[in-house]
Amino acid sequence: MEETDREAVSTAAQRVAGMLQRPDQLDKVEQYRRREARKKASVEARLKAAIQSQLDGVRTGLSQLHNALNDVKDIQHSLADVSKDWRQSINTIENLKDVKDAVVQHSQLAAAVENLKNIFSVPEIVQEAYELIERGELLLAHRKLMDLECSRDDLMYEQYRMDSKNTHDMKLIQAYFTEVQNLSEQMGKQIWMLVQRSSVTVRSDPAQLVSMIRIIEREEKIDKRMLDRQKQTGFIPPGRPKKWKNKLFAVLEQTVANRIEASQSDTRELDKMWLVRHLELTRKYVLEDLLVMKNLMAQCFPPHYNIFKKFQNLYHQALVARVEELATEDLEANEIVSLLTWVLNTYQSEDMMGHPDLAPEVDVKTLEPLLSNDVANMLLSKYMTTLTSNIIGWLRKALETDKKDWKKEQEPEADQDGYHQTTLPAIVFQMFEQNLQVAAQISDDLKLKVLTLCLQQMNSFLSRYKEEVTLYKDDHLKDRQHPQFYIQYMVAVVNNCQTFKESLNSLKRKYTKFEIEMKEDHYANQPTIEGTLDIIAKDGCVYLLDEVFLDLEPHLQELMTRKWLAGSNAVDIICVTIEDYFNDFAKIKRPHSKDITIEAHRRVVVEYIRTMMQRRITFRGLDERREGAERVLKDAEQFRFLFKKLSAGFTEDTDLLSDAIPALAEVLKLTDPSLLCLEVSTLVNKFPDFREEHITALLAMRGDASREMKQTVIETLCQNQAHPGPNLKPIFKDISAQNLTLSKLVK
């Protein structure tokens, strides 16, 4: 207490010190005293109230404990009285045992008397029930069955009550009512047969279906009553519970499964379209059955059965099982497509679960998928693998067929515009088109995958196609008489490249029409495809021109010789030969017809200039130089006229090619050697690839250039050396002169 008092005094001193820190606060001492007095009174009041409340609670608790003690004493006295009465009544209970046995026996006899009629008439009643079943009067037959089962169950229950361990009498009763159990089984068979034929029965005799449901409901109620009694007494009659309602749904489930399996009438060995037929029959059966369930059968079942929803679930489960079973089989590519199309599209379409007559009970948005994502992806992967193999095989076969056509002893077919072609592009893109149409029916994602696959395989195919075209050319060069229509089929190859490009662009436009933007990797190979096609077409044009120039080779050898100067008709023959070949080349499609014409013009000019660079002839005087220059100009004009005729309709400017030979002729024709530098300077400016070796050969052909003149010309050439522009197509670049350069000659 003293410690507490000291702490209180110390705390109070601190509070007073806190209040009186300034002189002006001394005036408020009385005010502080009154405030602290009020606080003290308030605290004391709360403390008194709390103590009083606790005292009241203790007082109430003590009172309740006192009352409880008195109640315990009263119960103790009552239990003592009960124990005393029980000991006195033991003898009385033992004396009443005979009365108890008599009561049980009386109960048994009463049950026997009550069921006496049924007991003595079991065979007759069973026979009547069988006859009623045969006549289809199931409700009456079931009523008799219920009476017989009730008599049997009552007798067995009374026997069980009297002596539950007496199995002999129980078996005796059960044996006597054996036919009742058989009748119950027969009744069940009849009901399950009706269940199996319910979709037919509900149309012809819905009353039978209603009777069947009423019987099942009766049995369910009896099952419930027997199970309740079993909980109380431990007795359950034989054959109970029957669980016919569960059996009903089990039979319906099996019936639905059988219905789905029965839709497969053929196998792959008998019919290649077996799966398509199977799926179509399944769709037809499911839709017909569900419409019958909704419009007819639902009215025969109690609402709490929710029979339509249960049927829908049963059909869904059966379809899931069947589809998964089909998915595990070794399906071909077209069969995988048929299955996926049916699962992903047909199942939810208006032709099946989305049928307007099934709404609103069936909502396709809530339907679960028939295939899991794993199985669907497995099928898609298998399909892509199989399709890849098939496309490779189809392309290889198509190319082999096309190669055989190249060796035919007849011209290739022509399109509506008269251009030569083979069936290869049509076969290839028809195959692509068919597979893309099929893929588009399944999903846009698969469509893009198939399109990518087609482009990839097209790229590989074109590499083989290019190799085969080259081999075709090489084989022909071994014996140019065979194949007979080599030119025409090479023209068809060039045209095929253009057809391939057009078909490829058409395919892209058609199958990306509804796509905002395709991923870059889907078309990563297309530039390569178009580039390869351009290369094949260009090679084909080169092979065709090689054929032309093989025939022109003897006549090109006559150029720039004494025979040529004397009036040879070599250029006439060259022009006629080229024109004759171009009668076949006219069957080439644009732009390749334009390309081959320009390339032929370039090669003729290059070959003609090459003969000039080979120093086959050196002019012996002014007259011979003039005559030679005039002959060169005449030849150039013939070439200009020929290719102007062949390139009619083309917009390409070929003046540079046409001017190359006349420009050289002007150098030869020049009579004043002092003007050679000016002429060479003009020539170099117009043809930047004109080199020192070329002017060397040209001056050697003139035969009159002095050493000083040659030195001056080479200096002029070096001073006026121009650089070719990016768009300039060189003419002299690939032409080499066989003699020494001018710089070596003048040393």
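Predicted model, so just to flag it, every value in this text is computed and none were measured. (Residues numbered from 1 in each chain as written. Predicted model: local features only at pLDDT ≥ 70, side-chain atom pairs only at ≥ 80, totals over all residues. Heavy atoms only, no water.)

Draft legend 1. Seen up close, the confidence of the model for the chain. Per-residue pLDDT for the chain averages 78, and the proportion of residues at 70 or more is 86%. This stretch, residues 514–525, has a pLDDT under 50; its non-local contacts, to residues over four places away or in other chains, come to 16 contacts. (pLDDT = per-residue confidence, 0-100. Contact = heavy atoms within 4.5 Å.)

Draft legend 2. Seen up close, unusual backbone geometry. The step from Arg240 to Pro241 runs through a cis peptide bond, and the omega angle for that step is -5°. Of note, the bond from Ala359 into Pro360 is cis; its omega dihedral lies within 30 degrees of zero at 0°. Within the fold, Pro360 resides in the loop between helix H14 (333–346) and helix H15 (373–406). Here Lys243, not a glycine, exhibits a phi torsion of approximately 55°, which is positive. Examined against the element boundaries, Lys243 turns out to sit in the loop between helix H10 (206–233) and helix H11 (244–262). Classification of Lys243 as partly exposed rests on a relative accessible area of 47%. If you check the backbone angles, Asn306 has positive phi at about 50° while not being a glycine. Looking at the secondary structure, you find Asn306 in the loop between helix H12 (274–295) and helix H13 (307–328). (Helix = DSSP H or I, 4+ residues; strand = E, 2+ residues; numbered from the N terminus. Buried < 20%, exposed > 50% of the residue type's maximum accessible area, 1.4 Å probe, protein only.)

Draft legend 3. Up close: the packing of helix H21 (residues 570–585) against helix H22 (residues 592–613). Close contact between H21 and H22 brings their axes to 12 Å; oriented N to C, the two are set at 160°. Taken together, the axes of H21 and H22 are roughly antiparallel relative to one another. Between H21 and H22 the crossing geometry is right-handed. Every residue of H22 that contacts H21 at Val571, Ile578, Phe582 and Phe585 is listed here: Ile596, Thr597, Ala600, Val604 and Tyr608. Here the residues of the contact of H21 with H22 are counted per class, giving eight nonpolar, one polar and no charged. (Axes fitted to C-alpha atoms, helices over the stretch in contact; angles between N-to-C directions. Parallel < 35°, antiparallel > 145°, perpendicular 65-115°, else oblique. Left-handed = near helix turned anticlockwise from the far one by under 90°. Nonpolar A, V, L, I, M, F, W, Y, C, P; charged D, E, K, R; others polar.)

Draft legend 4. Just the environment of Arg197, in detail. Examined against the element boundaries, Arg197 turns out to sit in the loop between helix H8 (178–196) and helix H9 (198–204). When its relative accessible area of 44% is taken as the criterion, Arg197 is described as partly exposed. Taking the C-alpha atoms as reference, Arg197 lies 8.6 Å from Thr255; in sequence the two are 58 residues apart.

Draft legend 5. Layout of the pattern of salt bridges. Scanning the entire structure with this criterion turns up 29 salt bridges. Here Asp475 and Lys478 are joined by a salt bridge, their closest N and O atoms 3.8 Å apart. One end of the pair, Asp475, and the other, Lys478, are both in helix H17 (residues 444–478), three residues apart, so they sit about a helical turn from each other. We note a salt bridge from Arg631 to Asp635, for which the minimum N-O separation is 3.7 Å. Pair noted here: Arg631 and Asp635 are both in helix H23 (residues 622–646), with a separation of four residues, about one helical turn. Overall, the relative accessible area of 12% leaves Arg631 in the buried class. Through salt bridges with shared partners, a single network forms among Glu219, Asp223, Arg240 and Lys242. (Salt bridge = Lys/Arg side-chain N within 4 Å of Asp/Glu carboxyl O.)

Draft legend 6. Expanded view of a nonpolar patch on the surface. Together, Val16, Leu20, Leu26 and Val29 make up a nonpolar patch on the protein surface, roughly 310 Å² of accessible area in all. Assessed through its relative accessible area of 44%, Val16 is described here as partly exposed. (Patch = residues over 30% accessible without salt bridge, like charges linked within 9 Å, V, L, I, M, F, W, Y side chains within 5 Å. Areas by Shrake-Rupley, 256 points an atom, 1.4 Å probe, with all protein chains shown as cover.)

Draft legend 7. The side chain of Glu433, seen in detail. Looking at the element boundaries, Glu433 is found in helix H16 (residues 424–442). For Glu433, a relative accessible area of 18% gives the class buried. Once residues lying within four places of it in the same chain are set aside, the contact partners of Glu433 are Leu507, Lys510 and Tyr511.

Draft legend 8. Geometry of the packing of aromatic side chains. By the definition in use, this model includes 15 aromatic pairs. Look at Phe461 and Tyr465: their rings are 5.9 Å apart centre to centre, the planes differ by 10°, and that puts the pair in the stacked class. Separated by four residues within a single helix, Phe461 and Tyr465 lie in helix H17, roughly one turn from each other. For Tyr465, a relative accessible area of 0% puts it in the buried group. Here Phe582 and Phe585 contribute two aromatic rings whose centre-to-centre distance is 4.9 Å and whose plane-to-plane angle is 70°, an arrangement assigned as edge-to-face. You can see Phe582 and its partner Phe585 sitting in helix H21, three residues apart, about one turn around the helix. Taken individually, Phe582 and Phe585 each receive the classification buried, so the pair is uniform in this respect. Site record: aromatic cluster; members linked through ring pairs are Trp406, Phe429, Phe432, Phe461, Tyr465, Tyr472, Tyr486 and Phe500. A cation over an aromatic ring shows up here: Lys245 above the ring of Tyr305, its NZ or CZ 4.5 Å from the ring centre. Across from the ring centre of Tyr285, 4.2 Å away, lies the NZ or CZ of Arg259, which sits over that ring. (Phe/Tyr/Trp six-rings, centres within 6.5 Å; stacked < 30°, edge-to-face > 60°. Lys NZ or Arg CZ within 6 Å of the ring centre and 35° of its normal.)

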